[in-house]
Amino acid sequence: MRTQVGIVGAGPAGLMLSHLLHLHGIESVVLECRSREYVEHRVRAGVLEQGSVDLLRRTGIGERLQREGMRHEGIELRFDGESHRVPMTELTGRAITVYGQQEVVKDLIAARLAAGGSVLFEAEAVRLAGLDSQSPVIHFRRDGRDEQLHCDFVAGCDGFHGVSRGAVPDGVLRTYERTYPFAWLGVLAAAPPAVDELVYANHERGFALYSLRSPEISRLYLQVPPDEDIAAWPDERIWAELRTRLETVAGWSLNEGPVLEKSITPMRSFVVEPMQWERLFLAGDAVHIVPPTGAKGMNLALADVALLGDAFAAWYGQHRTDLLDGYSAAALRRVWRAQHFSWWMTSMLHRLEKDDPYEAKLRAATLRYVVTSPAYATSLAENYVGLPEV
Ligand code: RFL
Ligand code: PHB
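Going by an unreviewed UniProt entry, the protein carries the name 4-hydroxybenzoate 3-monooxygenase and comes from Micromonospora azadirachtae.

**Here we look at the packing of aromatic side chains**
Counting across every chain of the model gives 18 aromatic pairs. Here the aromatic rings of Phe153 and Tyr316 are separated by 6.2 Å at their centres, their planes lie at 85 degrees, and the arrangement is edge-to-face. On the criterion of sequence distance, the pair formed by Phe153 in strand E12 (residues 153-156) and Tyr316 in helix H8 (residues 297-318) is long-range, its members being 163 residues apart. The rings of Phe153, Phe281, Phe312, Trp315, Tyr316 and Tyr327 are connected pair by pair, giving a single aromatic cluster.

**A closer look at the site of ligand 2**
The environment of ligand 2 is made up of 14 residues, and the closest members are Tyr200, Ser211, Arg213, Tyr221 and Pro292. Between ligand 2 and the protein, one listed contact pairs an oxygen atom with a backbone N or O atom of Pro292 at 2.8 Å. Coverage of ligand 2 by the protein amounts to 97% of the 280 Å² it exposes when considered alone. Going through the elements one at a time, strand E15 (206-212) and strand E16 (218-224) are the ones with two or more residues in the shell around ligand 2. Within the shell around ligand 2, the residues separate by chemical class into eight nonpolar, three polar and three charged. The residue makeup of the shell around ligand 2 includes at least three contributed by each of domain 1 (5-71 + 97-176 + 269-344) and domain 2 (181-267 + 354-385).

**Considering the domain arrangement of the protein**
The domain boundaries assigned to the protein delineate domain 1 (5-71 + 97-176 + 269-344) and domain 2 (181-267 + 354-385). On the side of domain 2, 19 residues touch domain 1, which itself brings 19 residues to the contact. In this assembly, domain 1 packs against domain 2 so that about 1600 Å² is buried in total across both faces, 66% of it on carbon and sulfur atoms. Looking only at domain 1, the three residues that lose the most surface to domain 2 are Val43, Thr293 and Trp344, adding up to 33% of its buried area. At the junction of domain 1 with domain 2, the criterion picks out zero salt bridges. On the surface where domain 1 and domain 2 come into contact, there are seven residue pairs in polar contact (both at pLDDT 80 or more). Considering every element that reaches the side of domain 1 that touches domain 2, the biggest residue donor is helix H9 (residues 322-349), with three residues. Residue classes in the side of domain 1 that touches domain 2 are distributed as 10 nonpolar, five polar and four charged.

**Considering the packing of helix H1 (residues 12-23) against H8**
Contact geometry for H1 and H8: axes closest at 9 Å, N-to-C directions at 30 degrees. Compared by their axis directions, H1 and H8 come out roughly parallel. Taken as a pair, H1 and H8 cross one another with a handedness that is right-handed. Along the contact surface, H1 presents Pro12, Ala13, Met16, Leu17, Leu20 and Leu21, while H8 presents Met298, Ala301, Leu302, Val305, Ala306, Leu308, Gly309 and Phe312.

**Regarding the pairing of strand E1 (residues 5-8)**
The side chains of a regular strand alternate, first on one face of the sheet and then on the other. A two-sided burial pattern is seen for E1, the buried positions comprising Val5 and Ile7 on one face and Gly6 and Val8 on the other. Here E1 pairs with strand E2 (residues 28-31) via four bridges, running parallel. Within E2, the position partnered with Val8 by the bridge is Leu31. Read from E1 through H1 to E2, the crossover connection turns out right-handed. Note that E1 and E12 share four bridges and pair parallel. Looking across to E12, one finds that Gly6 is bridged to Val154.

**A look at the sheet that holds strand E6 (residues 82-86)**
As a general point, the strands of a sheet are linked pairwise by backbone hydrogen bonds and lie either parallel or antiparallel. Taken in spatial order, the eight strands make up an open sheet running E6-E5-E14-E15-E16-E13-E17-E20, and their pairing is mixed. Every other strand in the sheet has two partners, leaving E6 and strand E20 (288-289) as the edge strands with one partner each. The strands touched by H9 are strand E13 (174-189), strand E14 (199-203), E15, strand E17 (259-273) and E20; relative to E17, the strand with the most contacts, the crossing angle is about 125 degrees.

**Overview of the pattern of salt bridges**
One pass over the structure, following the stated rule, counts 23 salt bridges. Asp107 is paired through a salt bridge with Arg64; the nearest N and O atoms lie 3.0 Å apart. With Asp107 in helix H6 (residues 101-114) and Arg64 in helix H4 (residues 63-68), this residue pair connects regions lying 43 residues apart in the sequence. The buried category is assigned to Asp107, whose relative accessible area is 13%. Salt-bridge contacts for Glu76 lead to Arg78; the nearest nitrogen and oxygen are separated by 2.8 Å.

**Some thoughts on the nonpolar core**
Counting 67 residues, the largest nonpolar core has Leu17, Leu48, Ile138 and Phe312 as the members making the most contacts within it. In terms of residues, this core owes the most to one element, H8, which gives eight residues. Sequence-distant contacts of Phe312, that is, excluding residues within four places in its chain, are made with Val5, Leu17, Leu21, Ile26, Phe153, Phe281 and Leu324.

**Quick word on the site of ligand 1**
Contacts to ligand 1 come from 33 residues, most closely from Glu32, Arg42, Gln101, Tyr221 and Asp285. A distance of 2.9 Å is found between an oxygen atom of ligand 1 and a backbone nitrogen or oxygen belonging to Ala13. In the environment of ligand 1, an oxygen atom lies 2.7 Å from a nitrogen or oxygen atom belonging to the side chain of Asp285. Summarising the interface, the protein chains cover 85% of the accessible area of ligand 1, which totals 1000 Å² for the free molecule. Of all the secondary-structure elements, those providing two or more residues to the shell around ligand 1 are H1, strand E9 (123-129) and H8. Split by residue class, the shell around ligand 1 holds 17 nonpolar, eight polar and eight charged.

Definitions and limits used
- Residues numbered from 1 in each chain as written.
- Chains lettered and ligands numbered in written order.
- Predicted model: local features only at pLDDT ≥ 70, side-chain atom pairs only at ≥ 80, totals over all residues.
- Heavy atoms only, no water.
- Phe/Tyr/Trp six-rings, centres within 6.5 Å; stacked < 30°, edge-to-face > 60°.
- Helix = DSSP H or I, 4+ residues; strand = E, 2+ residues; numbered from the N terminus.
- Near = heavy atom within 4 Å.
- Polar contact = N/O pair within 3.5 Å; in protein donor to acceptor, adjacent residues only side chain to side chain.
- Areas by Shrake-Rupley, 256 points an atom, 1.4 Å probe, with all protein chains shown as cover.
- Nonpolar A, V, L, I, M, F, W, Y, C, P; charged D, E, K, R; others polar.
- Domains from an automatic or database assignment.
- Contact = heavy atoms within 4.5 Å.
- Buried area = accessible area lost by both parts, 1.4 Å probe.
- Salt bridge = Lys/Arg side-chain N within 4 Å of Asp/Glu carboxyl O.
- Axes fitted to C-alpha atoms, helices over the stretch in contact; angles between N-to-C directions.
- Parallel < 35°, antiparallel > 145°, perpendicular 65-115°, else oblique.
- Left-handed = near helix turned anticlockwise from the far one by under 90°.
- Buried < 20%, exposed > 50% of the residue type's maximum accessible area, 1.4 Å probe, protein only.
- Pairing = 2+ DSSP bridges.
- Right-handed = clockwise from strand over helix to strand, strands pointing away.
- Core = buried A, V, L, I, M, F, W, Y, C linked by side-chain atoms within 4.5 Å.

Set out below in structure tokens:
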């Protein structure tokens, strides 16, 4: 099998890249180890920055997003029994849209297949070869058989646990990372959200987040210890803890309903540099992870491949190498802005198991500053809605 760009992974990064290449008349094949059903139902992120929404719309993927996505012009910060709104649109002129990652994935798969694109499900890349030659090969397994995809370039969009990053020889990449001493327990519930905007709560028992997916479905998160067993969290305990951490404002209560899905996600910050080696280009979670507090993961994945799409277009269309050569440096500017913002939001809103009283005071001072200084609130807002230029 042969194509121009071989793409490993059908998450937001791999699918969007394949779609962008198609719009530029460049062929690609996407290899995905999971089934279509699995990737279309994987519950993950839910917040799209303005730039991500614009990208989806501009490239013809925005129709359902336009109908079903919920535009939000502010978020709420809850602490010390008080609630404060950060008016993002008033401060920045931009907004976010709440639309589940799996809906973006469904829309992209539908568009690729409708255009005759090749997305091979249950096809697991096992080894990348010849990356320093003009014709790299992706060795993959499908239906119990070993197959090969020959291409001009490989795009490694296979997430944190993929194989692409590991194909780079030792000593080339530098890793920067931080593991946080807590995790998030995420819950999807069939309950009408009792909020119009996302609520980020800092409580002495830990962080909680009230988000949503639709007028009928709530998405909620609780800070839990890093090695927590999901079995320790029967539904009644989850609701009791959510009530404690979120019902801190007089006269307000959350809506409960059947829990549809729950899982625990570790929190880490992680960046590998550079994002390219020879003919391998890495994008999305394969090269960088942020803790979800800033809602940046999916947005960064889309921003990476927007750059990569243009860079491949310049190479194939005009024999230009400058954009491919500059891809890593350009992408890393946005990555590091998001790394800092996600770390900052995480530090401001979570408590440590053995809390340091000095740090607790710093958190309180930071929160107070955000809700009293328009300059500081604008800094939060412009990072949250996404900076157009970094
Ligand atoms: P993805 O979405 O992980 O897609 C990678 C795809 O590659 C496939 N794959 C392979 N395919 C073929 N051969 C192999 N050898 C392969 N190895 C892996 C995988 O099956 C998968 O389909 O990466 P991408 O496209 O870079 O997109 C990034 C986003 O998914 C990610 O940043 C966010 O979802 C992060 N994230 C969250 N972000 C938020 O902003 N809010 C959240 O609430 C939130 N929750 C989450 C998350 C990430 C999670 N992961 C990665 C464990 C919850 C979870 C559980
Ligand atoms: C979500 O709705 O899943 C969500 C929202 C905001 C975040 C993280 C996750 O910061």
